[in-house]
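Analysis of the macromolecular model
This is what each chain is made of:
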Amino acid sequence: MHEASAATAPGRGGRDLAISVRDLVVGFGDTLVVRGLDLDVYRGEVLGFVGGSGTGKSVLTRTILGLERKRSGRIEVFGEDLDKASAADHARIERRMGVMFQQGALFSNLTVKQNIQVPMREHLRLSPRFADELAMLKLALVGLDLDAADKLPAQLSGGMIKRAALARALALDPELVFLDEPTSGLDPIGAADFDELIATLQKTLGLTVFMVTHDLDSIYAICDRVAALAEGKVIAAGPISTLLASDHPWVHAYFHGTRARRFQDVQ
Amino acid sequence: MEIPDGPTFKSSRSRDAITFELAGRWTIGASAALEDGARAVFAEASKVRRAVLDLGAVAALDTAGAWLIDKTRRELAAAGVEARLERVRPEYGILLEEAHYRQFEAPSGKRRLYAAVLLADIGESVVSFGKDVLAGVSFLGEVVASLLGTIIAPLRFRAISLVFHIEQIGFRSVPIIGLINFLVGCIVAQQGIFQLQRFGASTFAVDLIGILVLRELGVLLTSIMIAGRSGSAVTAEIGSMKMREEIDALKVMGLRPVEVLIVPRILALVISLPLLTFIADMAALFGGLLVAWGYGGINPAAFMARLQSAIGENTFLVGIIKAPFMALVIGIIASMEGLAVAGSAESLGRRVTASVVKSIFMVIVLDGFFAVFFAGIRY
């Protein structure tokens, strides 16, 4: 568990790993999307995961979640090798992870409250009253109006869908949360609110957050570390200063482009 | 760092106070045990005046556990027991603050009388049916106006689109329409011969096949098949365009969606359905002929002779005349349902289903009206 390579984890070999990916290869047909990728996510950190469109960010996330098959390589979540884990182990690990999909993936025929209660009903035996209270608590935690509890996803705005999806991801109090472009499609105020929400939740609940994003604001606001993906590999990982210093053309263009320039003062 | 222990506590009494030393994992994973633990603490503490909840030995706490602990504390306070938390780790403190107990009002769902709801539903569906009919008529008007517009300015007529849809709706349906009508022709012939044999009148099966197929079955089966196959496709195409704002994009470019999307489809239906009905008639008669020959011993020459005396030009025309009207009904319903799609994929699914159900229903109702009409004019 402490074999973090110097390239991906400068000087942090001692910390607990939530996710560790080694030599991962994923491909479809003749094309390899992920080619020998190494990545570490430490417990309690917010990792921002950036990369151009079509570089395999989603594929990597989906592979870690077990939604895509890998060709080779090793994925460890909470120190357990997913290949060696039994079905029961998988179920146990999955209960410790929460996922927020980009479009929310709320079940459209259930109300928001029922959506949040789906994992509770499936995995736990709770009294209806307690389940209701917990669902409402999650709604309050993600800053949703309690009136939204009995609405259907179709009746919610984009920002509310994101919040409801986050509430569902948090339903079982996971230790590790995957967020797929949490601020995409939100207005800047909504996006900033959402960043703040994630930061607050991360601090209070001690979450580990794996966040795929394009949003420079989010990266600067809440990410402890950033990993950049290109050519099917993590080409740079570390605090933002590391990425700013990187001379890889894509990373340089990303962090020194016109849109990134306004952050230079912050540094 | 798996700690399998569920939530536990030890209580120790001193005079009028009681101290609970909570231990283990007070997390949601403990499921029912978590609630039981909190309830037990409350039950024991409610007997005394002062209670202390010592969180020093709690191995793990999450929002669910924090909620229950805070709820227990407040409920004890409400019951007149002075409750206090002790040895709270800083991170648990934040959790307890964030997930503090609060009363959630149950949503005030007004319960209405079941019979009243039922009656209201019936009334609503009657009104919505009336509105559907009105909207359908107005939509028909729009389509006709748009058609007339293209007659005045023929350059606006979309011939390529029309031909494309005739291929999709008409040409590509030929195999399936031919096949099902062939089979129905076979079945009608077999049943006709089998039942009429008992009266020694099996040759009348030819009359039965000829009249039934040409007047009713050919056009009815074809219309139902097209409603299911092409009506649903039209609704889905227009609906998904509506969903992705493509229809709005057409509008802002100064194009008229009815003219661009709907007229070609409805026209293609109106042209294709009579042609398909003709194919259906022929396929069914051919199926009848084969069965009559193989099963009833009526040779093709006798079949044809009998058929000629049984049917007239009018028998064939009664079926064919109905076809364009059926096409119009299917096209109007399918397009209207497509345009009624709202933003979500479920709405698209519902509209496609509604389109097929309504078109088949209306096709059969229309067929009934035609039957009365043709009987009235003795055609």
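Definitions and limits used
- The residue numbers shown here count from 1 along each chain, following its written sequence.
- Chains and ligands are labelled sequentially in the order written, the chains with letters from A and the ligands with numbers from 1.
- At least 70 in pLDDT is required for a residue's local features to be given in this predicted model, at least 80 for side-chain atom pairs to be given and counted, and no such filter applies to totals for whole chains, interfaces and linings, which use all residues.
- To obtain the side-chain values, all non-hydrogen atoms of the structure were used and water was disregarded.
- Working definition: helices are DSSP H or I runs of at least four residues, strands are E runs of at least two. Numbering for both runs from the N terminus.
- Radius of gyration: over C-alpha atoms. The globule rule applied is 2.2 Å multiplied by the number of residues raised to the 0.38 power.
- Any residue under 20% of the maximum accessible area for its type is buried, any over 50% is exposed, and the rest in between are partly exposed; the area is computed with a 1.4 Å probe on protein chains only.
- Throughout, a residue-residue contact means that at least one pair of heavy atoms, one from each residue, lies within 4.5 Å.
- We count Lys and Arg on the positive side and Asp and Glu on the negative side, and we leave His and both chain ends out.
- To locate a charge, take NZ of a lysine, CZ of an arginine, CG of an aspartate or CD of a glutamate.
- Confidence scores here are pLDDT values: one per residue, from the predictor, ranging 0 to 100.
- Note: two strands are recorded as paired if DSSP finds a minimum of 2 bridges between them.
- To obtain each axis, a line is fitted to C-alpha atoms, and for helices this fit is confined to the stretch in contact; angles are then taken between N-to-C directions over 0 to 180 degrees.
- Take a side-chain nitrogen of Lys or Arg and a carboxyl oxygen of Asp or Glu: if they are within 4 Å of each other, that pair is a salt bridge.
- Here, nonpolar core means buried Ala, Val, Leu, Ile, Met, Phe, Trp, Tyr and Cys residues that are tied together by side-chain atoms lying within 4.5 Å of each other.
- Each Phe, Tyr or Trp ring (for Trp, its six-membered ring) is paired with any other whose centre lies within 6.5 Å, and the angle between the two planes then decides the class: stacked below 30 degrees, edge-to-face above 60, tilted in between.
- We call a charge positioned above a ring when the Lys NZ or Arg CZ atom is no farther than 6 Å from the ring centre and deviates by at most 35 degrees from the ring normal.

The next thing to look at is the overall build of chain B. In terms of helices and strands, chain B carries 12 helices and four strands. Here chain B has a C-alpha radius of gyration of 36 Å; the compact-globule value for 379 residues is 21 Å, and the former is much larger. Judged by the C-alpha coordinates and their principal axes, chain B covers about 115 × 65 × 50 Å. Relative to its full complement of 379 residues, chain B shows a buried share of 41%. Summarising the internal contacts of chain B: among those between residues at least 6 apart in sequence, 81% fall at separations of at least 24. If the 36 positive side-chain charges of chain B are averaged to one point and the 34 negative ones to another, these points end up 4 Å apart.

Should pLDDT be low for a region, the predicted coordinates there are not to be read in detail. The pLDDT averaged across chain B works out to 88; a share of 97% of its residues lies at or above 70. Helix H6 (residues 174-196) of chain B holds the highest mean pLDDT among the elements of chain B, 95, whereas helix H3 (residues 90-98) of chain B holds the lowest, 79.

Residue and element names in this part refer to chain A. Strands sit in the order S6-S7-S8-S3-S9-S10 across an open sheet of six strands; the sheet is mixed. Among the strands making up the open sheet, the edge pair consists of strand S6 (97-100) and strand S10 (233-238). Between one strand and the next, the sheet's axes are offset by a mean angle of 15°, whatever the strand orientation. Where S6 lies against strand S7 (residues 176-180), four bridges are found, and the strand directions are parallel. Bridging across to S7, Met97 finds its partner in Leu176. Helix H6 (residues 188-205) contacts strand S3 (46-51), S6, S7 and strand S8 (208-212) of the sheet and is inclined by roughly 155° relative to S8.

Moving on, we get to the pattern of salt bridges. Taken as a whole and assessed by the stated rule, the structure comprises 32 salt bridges over all chains. The closest approach of N and O atoms between Asp16 of chain A and Arg43 of chain A, which form a salt bridge, is 3.6 Å. Here Asp16 of chain A is found in the segment before strand S1 (17-28), whereas its partner Arg43 of chain A is found in the loop between strand S2 (31-42) and S3, with 27 residues between them in sequence. Between Arg256 of chain B and Glu259 of chain B there is a salt bridge, with the nearest N and O atoms lying 3.8 Å from each other. We classify Arg256 of chain B as partly exposed; its relative accessible area is 40%. Overlapping salt bridges, with partners in common, bring together Asp16, Arg43, Arg96 and Glu175 of chain A in one network.

Here we take up the nonpolar core. The nonpolar side chains of soluble globular proteins are, as a tendency, buried together. Residues and elements named next belong to chain A. Within the largest apolar cluster, 89 residues are counted, with the highest numbers of intra-cluster contacts made by Leu166, Leu201 and Phe255. Per-element tally for this core: the top contributor is helix H4 (residues 128-141), with eight residues. Counting 30 residues, the second largest nonpolar core, distinct from the first, contains Ile19, Leu65, Ala227 and Leu229.

For the structure on display, the rule yields 10 aromatic pairs over all chains. Summarising the aromatic geometry, the rings of Phe9 of chain B and Phe20 of chain B are spaced 5.6 Å apart at their centres and angled 70° between planes, so their arrangement reads as edge-to-face. Taken together, the residues Phe9 of chain B in strand S1 (residues 8-14) and Phe20 of chain B in strand S2 (residues 17-26) connect sequence positions 11 residues apart. Judged by relative accessible area, Phe20 of chain B falls into the buried class, the value being 0%. Its guanidinium or amino end placed over the ring of Phe78 of chain A, Arg96 of chain A lies 4.0 Å from that ring's centre, counting from NZ or CZ.

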